[in-house]
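# Inside the fold
In case you want the letters, here they are:
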Amino acid sequence: MSDVLVLETGQTPPTGTQTPPREPKWTDTFAYIANPDQFCRHNLKQYGPIFKTSVFGGTTVFVGSARAVQMALNGDLRYTEIGLPQTTMTMFGEYSLFQRPDLHRQRKSALRVGLAGQAVQGYIPKINHVIVQRLQAWPTQGEIALFPAVEQICFDVLVPLLLGVELSDAYFQGLPIMSKTELKQVYKTFFDGFYGLLPWRSPLTTFGRGLQARAALIEFMQAVIHRRKSEANLDPTSDFLSMMLVSQEADPEGVFSNTLIENQCLLQLWASHYEISGLVSSWMYQLGHHPEHFADLRAEQAPIKDTASSTITGEQLKMVPFLEATIQETLRTLPPSSTANRRLTQSVVLDSILYEKGWTLIAEPRIAHILPEHFSHPDSYQPHRFMEDISPRDKYAYIPFGGGVHACLGAQLAMVVAKIFASHLLQNFEWHVQSPAPFVQFPLKKIKDNYPIWISQFNTL
Ligand code: HEM
């Protein structure tokens with residue numbers, strides 16, 4: 001972005017430059033974690049889309065306007081670094097895409113081979129198979145706890161694709177984690193560890209337990225990799241793990257060391273599982289509240305519903321633009337992901353606003369997605385807005401998958417899983433929601449576990 005002025009140390013900002021409004025308050029962290037939606041809306045109303053806070057300590061500037069978001073998300077190696085708490089960075093470990101800006105581009109393009117494009121197309125039959133099989137276990141009529149029901153299926157889809165692990169009892173024999181249930185528990189502890197704020201490496205803290213879970217998962221992945229390497233004919237297209245192992249075989253000195261492979265399997269599962277589960281359950285919830293869209297969605301499904309096969313192909317997924325619009329509108333109204341944090345390593349000036357070295361920037365979809373200049377009637381769920389052929393919206397106005405240098409590597413996979421899941425639901429189930437759902441707001445936005453919905457199956461899967 002050429003109009004970002006990066007100041008040399010000691011350089012005076014141009015005359016007329018001002019810092020963002022609002023004085024940081026010591027209560028900001030609590031207020032934000034307790035209810036990020038309310039925190040963002042309240043301050044947006046009072047101060048506009050850029051304001052100072054003390055969320056997570058120090059001075060933290062929330063940015064929601066497209067230009068400021070673009071500035072925040074593209075400063076790597078020039079004026080920003082990742083600004084996450086030390087506990088989170090320790091949980092990531094040194095092989096994440098966040099730790100080594102110098103290796104970021106090289107690692108990201110190597111990983112993309114197994115997470116986007118042809119690879120995702122190749123995963124489609126497996127994704128279909130697991131979703132259909134697991135939906136068969138849903139009651140034909142009755143109540144289900146929405147988030148856990150969706151989350152269980154997403155786990156069964158993603159673990160084989162990302163860790164290369166089969167989820168049968170027989171598969172776990174001889175491995176250090178002995179069942180799918182145990183794997184799920186350890187994963188949950190690992191995930192929570194990223195958000196433990198107390199930095200003590202003790203089993204008494206969320207962070208300490210997270211580190212232990214991380215070590216257990218690494219040991220597990222080492223055993224999985226050992227087993228996988230002893231198998232003949234590795235197929236690089238079968239899953240993300242195989243892609244990395246085949247690349248390693250072809251170029252032993254390349255990006256894919258054993259340690260990077262073990263870590264990346266875990267990191268991709270960390271990045272995807274609760275996010276996709278949050279998205280699919282929030283989509284069901286939004287549709288339950290807006291049943292007026294079901295007729296159009298089902299009409300769109302009719303030509304792709306094949307009674308002989310339950311597989312929805314990649315080509316067919318391109319034929320459901322309205323479904324895609326409802327998913328995009330769900331991501332706008334209920335973005336699962338928490339914020340993207342960057343720390344300024346240099347002071348910068350953009351649009352006469354000074355952002356000082358040492359401050360943290362939070363690019364916040366909760367602000368960006370409700371700005372009326374980009375989204376008319378931002379509080380209503382209007383999927384058609386994503387169908388309209390309007391002048392292209394600034395891509396930094398809509399950031400459910402972040403943007404810029406660290407834009408989500410799994411956006412395409414996430415959309416494919418969500419569209420296949422949603423298509424099977426539309427083709428086979430009706431559902432109703434009765435009351436507004438309670439949401440967990442942090443670290444990810446998701447419907448609380450105890451929220452039930454009523455479903456009824458009208459087709460045999
Ligand atoms: C609905 C699902 C998802 C949402 C909402 C989501 C959201 C995001 C966001 C907001 C970022 C940017 C973070 C930042 O800039 O600090 C991000 C980055 C990332 N996501 Fe996703 N994500 C999703 C699914 C996935 C999946 C399925 C994968 C992989 C299997 C994945 C892998 C990644 C990776 C590796 C990055 C870091 C990229 C980099 O540093 O260059 N995500 N995601």
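## Let's talk about the overall build of the protein chain
- A count of helices and strands for the protein chain gives 17 helices and 13 strands.
- In summary, the protein chain has a C-alpha radius of gyration of 23 Å against a globular reference of 23 Å for 461 residues, a match within 12%.
- Once the C-alpha set of the protein chain is aligned to its principal axes, its extents read approximately 70 × 55 × 40 Å.
- Within the protein chain, buried positions represent 40% of all 461 residues.
- In the protein chain, of all internal contacts separated by at least 6 residues, the share reaching a separation of at least 24 is 74%.

## A look at the sheet that holds strand S13 (residues 452–457)
- Sheet architecture is open: three strands sit in the order S5-S13-S10, paired in antiparallel fashion. Edge positions in the sheet fall to strand S5 (141–145) and strand S10 (429–432), since each of these pairs with one other strand and no more. In this sheet, adjacent strand axes meet at a mean angle of 30 degrees when their direction is disregarded.
- Across five bridges, the pairing between S5 and S13 is antiparallel. Paired with Ala 145 across the two strands is Pro 452, which belongs to S13.
- Of the strands in this sheet, S5 and S13 touch helix H7 (residues 146–163), which is tilted by about 85 degrees from S5.

## Thoughts on the site of the ligand
- Taken together, the neighbourhood of the ligand is formed by 22 residues, with Ser 272, Ala 340, Gly 402, Cys 408 and Gly 410 sitting nearest.
- Counting only elements with at least two residues in the shell around the ligand, the list comes to helix H12 (258–289) and helix H17 (411–428).
- For the shell around the ligand, the element with the most residues is H12, which contributes six residues.
- The residue makeup of the shell around the ligand, split by class, is 14 nonpolar, six polar and two charged.

## Notes on the nonpolar core
- Of all hydrophobic cores here, the largest spans 74 residues; its most connected members are Val 280, Val 417 and Ala 418.
- At 14 residues, the largest contribution of residues to this core is made by H12.
- Those residues within four positions of Ala 418 in sequence are excluded, and the remaining contacts are Ile 276, Leu 279, Val 280, Trp 283 and Ile 327.
- Residues Val 61, Leu 350, Ala 363 and Tyr 396 belong to the second largest nonpolar core, which totals 33 residues.

## Side note on the packing of helix H13 (residues 294–301) against H17
- Viewed as axis vectors pointing N to C, H13 and H17 meet at an angle of 105 degrees, and their least axial separation amounts to 10 Å. Compared by their axis directions, H13 and H17 come out roughly perpendicular. Judged by residue contacts, Leu 297, Arg 298 and Gln 301 of H13 engage Ser 423, Leu 426 and Gln 427 from H17.
- By residue class, the composition of the contact of H13 with H17 is two nonpolar, three polar and one charged.

## Focus: the pairing of S13
- Pairing of S10 with S13, which is carried by four bridges, proceeds in the antiparallel orientation. Pairing of Phe 429 across the sheet is with Gln 457, part of S13.

## Focus on the packing of H13 against helix H15 (residues 321–333)
- Running from amino to carboxyl end, H13 crosses H15 at an angle of 135 degrees, the nearest separation of the two axes being 8 Å. Classified by the angle between their axes, H13 and H15 sit oblique to one another. Contacts between H13 and H15 involve Asp 296, Leu 297 and Glu 300 from the first element and Phe 322, Leu 323 and Thr 326 from the second.
- Split by residue class, the contact of H13 with H15 holds three nonpolar, one polar and two charged.

## Observations regarding the sheet that holds strand S1 (residues 5–6)
- Read across the open sheet, the three strands follow the order S1-S7-S8; overall the sheet is antiparallel. Two strands in the sheet have a free side with no partner beyond their single neighbour: S1 and strand S8 (353–355).

## Details of the environment of Lys 52
- Mapped onto the elements of the fold, Lys 52 is located in strand S2 (residues 50–53).
- Here Lys 52 falls in the buried class, since 21 other C-beta atoms lie within 10 Å of it.
- The contact partners of Lys 52, leaving out residues within four places of it in the chain, are Pro 20, Arg 22, Glu 23, Pro 24, Thr 59 and Val 61.

Rules used throughout
- Residues numbered from 1 in each chain as written.
- Predicted model: local features only at pLDDT ≥ 70, side-chain atom pairs only at ≥ 80, totals over all residues.
- Helix = DSSP H or I, 4+ residues; strand = E, 2+ residues; numbered from the N terminus.
- Rg over C-alpha atoms; globule rule 2.2 N^0.38 Å.
- Buried ≥ 20, exposed ≤ 12 C-beta atoms within 10 Å, placed from the backbone.
- Contact = placed C-beta atoms within 7 Å.
- Pairing = 2+ DSSP bridges.
- Axes fitted to C-alpha atoms, helices over the stretch in contact; angles between N-to-C directions.
- Near = placed C-beta within 6 Å.
- Nonpolar A, V, L, I, M, F, W, Y, C, P; charged D, E, K, R; others polar.
- Core = buried A, V, L, I, M, F, W, Y, C linked by C-beta atoms within 7 Å.
- Parallel < 35°, antiparallel > 145°, perpendicular 65-115°, else oblique.

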